[in-house]
Each structure stands twice: as structure tokens, then as C-alpha cells.
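Coordinate analysis (summary)
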Amino acid sequence: MRRGGAAGETRMSLGRNRSAGRQAGGGEGGGGRGAGADDVTALPEWELTDMVVWVTGASSGIGEELAYQLSKLGISLVLSARRVHELERVKRKCLENGNLKEKDILILPLDLTNRSSHEMATKAVLQEFGRIDILVNNGGVSQRALCVDTSLDVFKELIELNYLGTVSLTKCVLPHMIERKQGKIVTVNSMVGIIAAPLSTGYCASKHALRGFFNTLRSELATYPGITISNICPGPVQSNIVKNALTEEVTKPTGSTADQSYKMATSRCVQLMLVAMANDLKEVWISDQPFLLMIYLWQYMPTLAWWLTNKAAKRRIENFKSGVDWVHVSPLSKHFHTIKRRSPICSTGSFDFVPEGQFAHLKCACVRV
Ligand SMILES: NC(=O)c1ccc[n+]([C@@H]2O[C@H](COP(=O)([O-])OP(=O)(O)OC[C@H]3O[C@@H](n4cnc5c(N)ncnc54)[C@H](O)[C@@H]3O)[C@@H](O)[C@H]2O)c1
């Protein structure tokens, strides 16, 4: 996070007035504040401190890193996933490296597919901390298999876990937020919640469903401007997502330890997520090129996007059958990097971050993060 300069100072004054910042974020979802660069960015260390944050899928990857970065902010943290010993490991690291005390972190084992346990889990958080300011719906599983080879149970599991599990937990937390007229519901969706990705028909469907659900929920909550909904859509990020991805059968994860060097560092993704959370951004695209460009094409030039996706899909499926997990990244991607650095692509309707280039686009307002 960079500070200093006029922009940094203006943001500091906005950030210090936390309630004003939240009101603005609630009323306009952050996006409507697009008057200029200086008044759109609130830093996580100003906006999120003192909050009670519940993170699902906190035992690995993005959720684990989120726990580490949040633990430096002085918050109360609830860590959920299925494996208690992994959560204990994450908690220990939070205590070693963060600013939290033992009493600030609650380990709450939770299986997203066990929906009948979600009400009790919500009560346990409220009993411990008295409120839930932020629910981060992060837990999820991906998929690597051709549709034609995949058992229907896999599709069912992906919907049960990624979609219904998330909806169920959100429904448990929502009445509490409505009662308080405030709260943030942050969902780690994916760029494949917007675009198509071969070998992931069930995963794509679950993430598209989540996007539709939360965009619609936001509209239902229009009378509660203090409750905000953020859809975070990352591209490829370093984590265990591919290793844990389901294949043709539910009982058969890929177990892949493939090279992840082309993916965005987990810490960078989470850093940008925190900025999105602090600013109540409705939708955030977090990705390196050329993946970010693909989201733009799907959004603004779908015919070209479909053509390119079909072309890439052939290569991707060939690679997959020969044991390579990712699509051949064209030498053109170097060119995209150059374009990105010199002239970051701008969006009018949605929010995105251009990683590496140190710019964030918040509804056309370009700010440093
Ligand atoms: N890594 C990426 O490239 C990427 C890109 C876009 C979106 N995402 C999304 O990010 C989120 C986190 O994934 P990740 O990349 O950190 O992967 P990961 O496999 O490292 O972590 C997934 C987390 O979800 C938890 N989880 C899985 N099944 C669960 C269940 N039934 N109940 C409760 N928790 C469960 C796991 O225990 C783990 O903590 C997922 O929703 C994923 O779809 C990841």
C-alpha cells in the first residue's frame, strides 16, 4: 500500500472519518463516488479495523492469506473450514505475525455442504463477538474434467458447496445485518463467474449462479444502504485450488502439483481484495494479463470473446490430456503487459484492478494502491 502525496493525504482524511466513509460506500456502493481519484480509495487499515470478520475456507490459499493480512489490521477474526488442525496452524501464524491476541481469533469448524450446521455456527460467532461486520464467503472447490466424462454427482457437489453452501451461510448472517442495518457480504467468486472456462462446466455454473444471486440480493437490499455486497472475481491465483479440484468423480481430486508461477501471488490478490472490501466495491476483477483482457472481451465484445475462447479451448483440452493444466499463453501476452503498464485499460461500468502496474481503476478513477 503506498502513501504520500496529495492523493494519499486526501484518502487519509476520508479514511479517518470512518462513518462518513461507510455511509458513502453504503449509499453508492463505492462506485458512485467516481468523481475523482482522491475521494474513492479508503485504505483497509482505516476502514476495516475493529470489525468482526468471518472468513470461510480459511485453512488454505486465498482464505489463509486473507487471515494473515486481516490479522495485521486489529480486527476480530473468525476462521472457518473443515480441518481444525489447519485452522489452528493459521491461527498460530496470525498470532505470531499479526496484531491480534488469542481472544481475537475464533476457530469455528464448518462444512459448507452441511447446511443444517450454519445457523448454529452463526450463533456461535454472535455469542463470541456480539456481531458480524463482514462475512467473507471464500470456501470453494474447482473442477478439471470434460463435461462428457463427468459424473452428475460432481455437478451436484459443486452446486451444493460453492453455491448453496454460500447462499445458506449468507441467509443465516443476513437477518443479523438487516437488524443492525449494516454489514459487508464479500464473496470470492471468480473470473469464470463471468467468462467460460473449458474443463470447468460445473465450477463455472456455480460461480455464474453466485454472481446472479448476489447481484440480485444487492438490489433487494436497496433499502439498506449500510449493507454492501462485493463480488470478488480473481483470475488465476497461487493456491491449492487445482490440487483440490474435482475431476470426473467426487472422490477423485486432481492432486496436481503443477507449476503455479504464471499465477498471481496470493498476497497481491488479497491486498487488492482488502481495498475492494474497504471501498465496498460491487464487483472487482483481479487478474494478470492476458486473463484480465478476456474478461473485458466477454463483457464488451462477446462475439470476439467466444471465438477466442473456442480457439484457446482446443489447445487447453489438448494440454490437459497430455497432463499440462493450463492453456498455452500466447507470446502476445508480453505485449499485453506492455499495453497494461503504459496505458491501463479503462472500464466504465465495472471495477477492476490492474496488478503489477500499481493502478486500480475504480469506475474510471485511476488511483494508486
Ligand atoms: N486460486 C484461484 O486461481 C482462484 C481463482 C478464482 C477464484 N477462486 C476462488 O477462491 C476461493 C478460495 O480458493 P483457493 O484458491 O484459496 O483454493 P484452496 O483450495 O487453497 O482453498 C479453498 C478453501 O475452501 C475450503 N473448503 C473446501 N471445501 C469446503 C467445505 N465443504 N466446507 C468448508 N470449506 C471448504 C478449503 O478447506 C480451503 O480452506 C474459492 O471460492 C475459489 O473458487 C480461486
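Read on for a plain summary of the structure. (Residues numbered from 1 in each chain as written. Predicted model: local features only at pLDDT ≥ 70, side-chain atom pairs only at ≥ 80, totals over all residues.)

Now for the nonpolar core. Judged by nonpolar contacts, the single largest core of 84 residues is most densely connected at V53, W54, V55, A67, L77, L79 and M273. No other element matches the 9 residues that helix α9 (residues 266-278) contributes to this core. Once you skip the residues sitting within four places of it in the chain, M273 turns out to touch L66, I232 and I286. (Core = buried A, V, L, I, M, F, W, Y, C linked by C-beta atoms within 7 Å. Buried ≥ 20, exposed ≤ 12 C-beta atoms within 10 Å, placed from the backbone. Helix = DSSP H or I, 4+ residues; strand = E, 2+ residues; numbered from the N terminus. Contact = placed C-beta atoms within 7 Å.)

The next thing to look at is helix α4 (residues 61-70). When you tally the buried positions in α4, you get 8 out of 10 residues, the bulk of the element. Within α4, the full set of buried residues consists of G61, I62, G63, E64, E65, L66, A67 and L70. Of the surrounding secondary structure, the elements contacted by the buried residues of α4 are β1 (52-56), β2 (76-80), α5 (84-97), β4 (134-137), β5 (183-188) and α9.

Looking now at the packing of helix α7 (residues 152-180) against helix α8 (residues 201-220). At a minimum axis separation of 9 Å, α7 and α8 run at an interaxial angle of 25°. What the angle tells us is that α7 and α8 run roughly parallel. α7 and α8 meet at a crossing whose hand is right-handed. For the pair α7 and α8, contact is made by V154, F155, L158, I159, N162, Y163, T166 and V167 and by G202, Y203, S206, K207, A209, L210 and F213, respectively. Residues that form the contact of α7 with α8 fall into these classes: 10 nonpolar, 4 polar and 1 charged. (Axes fitted to C-alpha atoms, helices over the stretch in contact; angles between N-to-C directions. Parallel < 35°, antiparallel > 145°, perpendicular 65-115°, else oblique. Left-handed = near helix turned anticlockwise from the far one by under 90°. Nonpolar A, V, L, I, M, F, W, Y, C, P; charged D, E, K, R; others polar.)

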